[in-house]
Structure formats: C-alpha cells, structure tokens
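Per-entry structural report
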Amino acid sequence: MEATKKKSGGLKEVWRKFLVALKRRPQMIPLAVLVIAFVFYSLNLMHISDTTARIQGPGMGLAGFVTMLFSMLSFMCFLNAFPYRKKTNMPMLVLMFVLLGIVIFSDLYYRNAILAAVNRLDNPIVVTSETAYIALAEWYLQLHIAILMVAIVLILLLPVYSKWLRKIKTSVDVGDNGSMEAIDISGEA
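Residues numbered from 1 in each chain as written. Predicted model: local features only at pLDDT ≥ 70, side-chain atom pairs only at ≥ 80, totals over all residues. Heavy atoms only, no water.

Okay, the packing of helix α5 (residues 90-119) against helix α6 (residues 132-156) next. When two helices pack together, their arrangement is given by the angle between the helix axes and the distance between those axes. Direction vectors running N to C along α5 and α6 enclose 160°, while the axes themselves pass 10 Å from each other. One way to sum up the angle between α5 and α6 is to call them roughly antiparallel. Judged by the sense of rotation from one axis to the other, the crossing of α5 with α6 is left-handed. Here the contact of α5 with α6 is composed, by residue class, of 20 nonpolar, 2 polar and 3 charged. (Axes fitted to C-alpha atoms, helices over the stretch in contact; angles between N-to-C directions. Helix = DSSP H or I, 4+ residues; strand = E, 2+ residues; numbered from the N terminus. Parallel < 35°, antiparallel > 145°, perpendicular 65-115°, else oblique. Left-handed = near helix turned anticlockwise from the far one by under 90°. Nonpolar A, V, L, I, M, F, W, Y, C, P; charged D, E, K, R; others polar.)

Evaluation of the coordinates by the stated rule reveals 1 salt bridge. Between Glu138 and Arg111 there is a salt bridge, with the nearest N and O atoms lying 3.9 Å from each other. Placement of the pair is Glu138 in helix α6 and Arg111 in helix α5, with a sequence separation of 27 residues. The exposure classification of Glu138 matches that of Arg111, with both residues buried. (Salt bridge = Lys/Arg side-chain N within 4 Å of Asp/Glu carboxyl O. Buried < 20%, exposed > 50% of the residue type's maximum accessible area, 1.4 Å probe, protein only.)

A word on a nonpolar patch on the surface. On the surface, Leu62, Phe65, Leu69, Met72 and Leu73 cluster together to form a nonpolar patch covering roughly 460 Å² of accessible area. Within the secondary structure, Met72 is located in helix α4 (residues 60-81). (Patch = residues over 30% accessible without salt bridge, like charges linked within 9 Å, V, L, I, M, F, W, Y side chains within 5 Å. Areas by Shrake-Rupley, 256 points an atom, 1.4 Å probe, with all protein chains shown as cover.)

With a phi angle near 55°, Gln56 is a residue other than glycine that sits in the positive phi range. In this fold, Gln56 is placed in the loop between α3 (45-55) and α4. The backbone of Asn123 sits at a positive phi, close to 55°, despite the residue not being glycine. We classify Asn123 as exposed; its relative accessible area is 64%.

It is worth spelling out the side chain of Ser71 at this point. Looking at where Ser71 falls in the secondary structure, it is placed in helix α4. Residue contacts for Ser71: discarding those within four places in its chain leaves Phe38, Val66, Val103 and His144. (Contact = heavy atoms within 4.5 Å.)

Considered for burial, the residues of α3 that qualify are His47, Ile48, Thr51, Thr52 and Ile55. For α3, the arc enclosing every buried residue in end-on projection is 140°, short of the 170-degree limit, so these residues lie on one face. Those residues of α3 that are exposed and aimed more than 90 degrees away from the buried face are Met46 and Ala53. Where the residues of α3 are buried, they touch α2 (28-43), α4, α5 and α6. Gln56 sits one or two residues past α3 and shows a positive phi near 55°. (Arc of directions from axis to C-beta.)

Nothing here speaks to function; it is all geometry.
The following block contains the structure:
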C-alpha cells in the first residue's frame, strides 16, 4: 500500500516537473516535432537513395541533399531563434521558416519526380515487389511534409499555447502546522 502511494506520488512529481519545464520553455514542443521530422527522414533515407539510384531523374539527388542539409540548418536556426530567457531572435525565425519552405519544396520536387517517372508514357518505371521502395519513398516524403507542416503550425501558435501552459498550476502545496507566526525572521533580539 505504501509503495503504491510512493509510485503514484513519484509519477505525479515527474509529471509536475515536466510541466514546469514546459512552462519555462514551451518552444521545446515544436523543437521535438522538428527533431522527429529530421529523424524520420534520416531513418528512411535508404528508400529515398535507392529510388534516386533507380529513377535517376534530373535533380533528385540534389533535392534529397537539400532536404537533409536544410533540415539540419533549420534545426540550428530554431535553436538560435529562441534563446533561453531572451526575446525571440526574429531574423533567425524568418530564416528558419525560409529553410523549412525550401525543405518542403525539395520534398515536393522529389515526389513529383517519382510520379513523373512512374507515369511517363515511354519506358515508365514499374513498381513491383523488388522496387516497392519507390512507393515507400513517396509515402515517406508525404509523411515528412505533414510532420514539417505540424511543426510550422506549432511554431506559429507558440504564443497561444505558451499562455495556456502558464495557467497550469504546478506549485506544490506546503502543509502548515500553525506555528508559522512563532518563527522570528526579522533578526531582532
């Protein structure tokens, strides 16, 4: 019984500390989504690279390279746009949005190159069980764009949910045994 109370009290304390950290730095929410987008793209880069090697469309390799490079650069711009306990660095924020726009454009360009190669009239690329990675690459690019769009919306709505997070009560109630008046803190003897 006592161990169960400690566990539930411990989980409450962990949750409270997590909320306090979010209240102090609410920009960690969109940052986590940006990290998820980068990791998602990186983990599925094998399918995208295989698709580039199979289709060999104009600019496909460059589009994949731009997506990786600008994803990392937009991540760094995000970190510089929201310095700790300082005002938002607006030039870095604008640069981050530009870089994310370029990443989305590169993903769309790559996806359109896949669709053009699969749907062309002369010698189309046929997606079979051996080339199923082409369909997976297109699907992963669509998911990557969706995750980036969620991150952009979260960044734009940061002032709104920051205020909501500040309204959450995370203070700890300290019990009073009634003898607080008896303590002399003035230092007078």
